[in-house]
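The lines below spell out each chain.
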Amino acid sequence: MPTDEYGAPSRFEAHVKRRRSDVLVNRQNFSDWSMSPLQSQLGTITPNGLIFERHHNGIPDINPDEHRLAIHGMVKQPLLFTMSDLMKYPSVTKFHFMECSGNGLTDWLKPASKTVQQTHGLLSCAQWTGVPVSVLLEEAGVSPDAAWALAEGGDGAAHARSIPMKKLLEDALLVYASNGEMLRPENGYPLRLFIPGWEGNVSVKWLRRIKLGDKPWHLRSETARYTDPMPDGKWRQFSFEMEAKSVITSPSGNMKVRPGDLVIQGFAWSGNGHIKTVDVTTDGGRTWREARLEGPVMDKCLTRFRLPWKWEGAPATIASRAVDSTGYVQPTVDDIKKVRAITGFVQHHNAIFPWSIDASGEVKNAIG
Ligand SMILES: Nc1nc2c(c(=O)[nH]1)N[C@H]1C(S)=C(S)[C@@H](COP(=O)(O)O)O[C@H]1N2
Ligand SMILES: [Mo]
């Protein structure tokens, strides 16, 4: 067999692919998303062709030679960069997960999603390469009164978010590469913002400008979208952090197991630090055992866990619970209800997620 110039997986791996939502079926392709096959992911890095993708109005076809990034607003010197200008700066490479704040929202709908790809697949993890935003902001000279920045994409949606300056200066990156090659078109080619540990929608793809100001812009993406209902009927804005979460990927929905020795495996992650422990229950939450974490355990990164388990053949409910380096414990649904209202399309849904195994060995979403 000849070697392809750009390699592709074996034909026997053709089932490992992204999928659109089974539950919310879109009849158009403008606003859509496709999910990563977490049940097939080996290791913690999502291959470029499998990174989940979410776009609000199409995927632009941008020629990198024509792309520009403007930095303006409350700066001493507005700046305009070409891609080749940006790529001359010393680069930084970081491993981080990326999760859509809407990941899991279909868990609460009926009919609920069946597979872990559908319940949790708006989640990926990659090696991101780019330039720290702080370097370019320093060059532009940030006004002492600048407290927020508007980041805007060059797509049909002109998707934009207001982002606090503190976070931009702390660890935000202007990313042009993932896993060692230029970003794929659907992930923001040729340039995206990357905000570690925060909800995916602030990592603006196809980034064309950053404007500094003294307050947030209250965009559609910050009023009609990406807000969370509170128990008192008010809505919370700017809930950026992705709190600790975990899910069992094997066995998971639509799989079939046989009695005997199994290994429970899954992913845990936190936008506020690294994963400290993961506990697993096989009796619906009555008792928990600590799983083994598989290194490397990195900050704001997917972490694998595993726990050997002998399934005797009786119906069982299995779930995992992550604890992160801040001491935060992944909540139950009831824990979440104490601080937020669970209505409509729930964002930031990080509850402990159960799978049921029936006597025939079939694994199902135990929420739906
Ligand atoms: N310009 C632009 N940036 C965007 C979006 C978009 O539609 N347009 N979608 C956002 C959302 S909702 C998410 S979850 C992440 C997803 O990044 P990915 O598609 O690379 O996984 O991109 C964000 N950045
Ligand atoms: Mo998202």
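Residues numbered from 1 in each chain as written. Chains lettered and ligands numbered in written order. Predicted model: local features only at pLDDT ≥ 70, side-chain atom pairs only at ≥ 80, totals over all residues. Heavy atoms only, no water.

1. Observations concerning the pairing of strand S18 (residues 275–281)
Note on strand geometry: in a regular strand, side chains alternate between the two faces of the sheet. In terms of burial, S18 is largely enclosed, as five of its seven residues are buried. Bridge count for S18 against strand S22 (residues 316–324) is six bridges, and the pairing is antiparallel. Paired with valine 280 across the bridge in S22 is serine 320. Inspection of the sheet shows S18 paired to strand S19 (residues 289–290) by two bridges, in the antiparallel sense. Note on S19: the bridge partner recorded for aspartate 279 is glutamate 290. (Buried < 20%, exposed > 50% of the residue type's maximum accessible area, 1.4 Å probe, protein only. Helix = DSSP H or I, 4+ residues; strand = E, 2+ residues; numbered from the N terminus. Pairing = 2+ DSSP bridges.)

2. Brief notes about the side chain of glutamine 117
Within the fold, glutamine 117 resides in helix H2 (residues 116–120). Excluding residues within four positions of it along the chain, glutamine 117 makes contact with Lys17, Arg18, Arg19, Met35, Ser36, Pro37 and Gln39. (Contact = heavy atoms within 4.5 Å.)

3. Focus on the domain arrangement of the protein
Annotation of the protein at the domain level lists domain 1 (50–231) and domain 2 (245–365). Computed over C-alpha atoms only, the centres of domain 1 and domain 2 are separated by 29 Å. Of the residues lining the interface, 32 residues belong to domain 1; the matching set on domain 2 comes to 31 residues. Summing both sides of the interface, domain 1 and domain 2 together bury roughly 2,600 Å²; the carbon and sulfur share of this comes to 65%. The interface formed by domain 1 and domain 2 holds one salt bridge in total. A salt bridge links lysine 245 to glutamate 99, with the shortest nitrogen-to-oxygen separation between them at 2.8 Å. The interface formed by domain 1 and domain 2 contains twelve residue pairs in polar contact (both at pLDDT 80 or more). At the level of elements, strand S6 (92–99), H2, strand S7 (123–132), helix H4 (165–171) and strand S14 (228–229) are the ones that each hand at least two residues to the side of domain 1 that touches domain 2. Broken down by element, the side of domain 1 that touches domain 2 gets its largest block of residues, four residues, from S6. Grouping the constituent residues of the side of domain 1 that touches domain 2 by class yields 14 nonpolar, eleven polar and seven charged. (Domains from an automatic or database assignment. Buried area = accessible area lost by both parts, 1.4 Å probe. Salt bridge = Lys/Arg side-chain N within 4 Å of Asp/Glu carboxyl O. Polar contact = N/O pair within 3.5 Å; in protein donor to acceptor, adjacent residues only side chain to side chain. Nonpolar A, V, L, I, M, F, W, Y, C, P; charged D, E, K, R; others polar.)

4. Here we look at the pattern of salt bridges
The tally for this structure, following the rule as stated, stands at 19 salt bridges. Across the salt bridge formed by glutamate 199 and arginine 161, the nearest N and O atoms sit 2.9 Å from each other. Of this pair, glutamate 199 sits in the loop between strand S12 (192–194) and strand S13 (207–213) while arginine 161 sits in strand S9 (residues 160–164); the two residues are 38 residues apart in sequence, bridging distant segments of the chain. Judged by relative accessible area, which is 1%, glutamate 199 ranks as buried. Overall, the relative accessible area of 0% leaves arginine 161 in the buried class. As a salt-bridge pair, lysine 215 and aspartate 214 come within 3.3 Å of each other at their nearest N and O atoms. Residue lysine 215 is classed as exposed on the basis of its relative accessible area of 53%. Of the residues examined, aspartate 214 reaches a relative accessible area of 43% and is grouped as partly exposed. Counted as one network, the salt bridges with shared partners bring together Glu152, Arg208 and Arg209.

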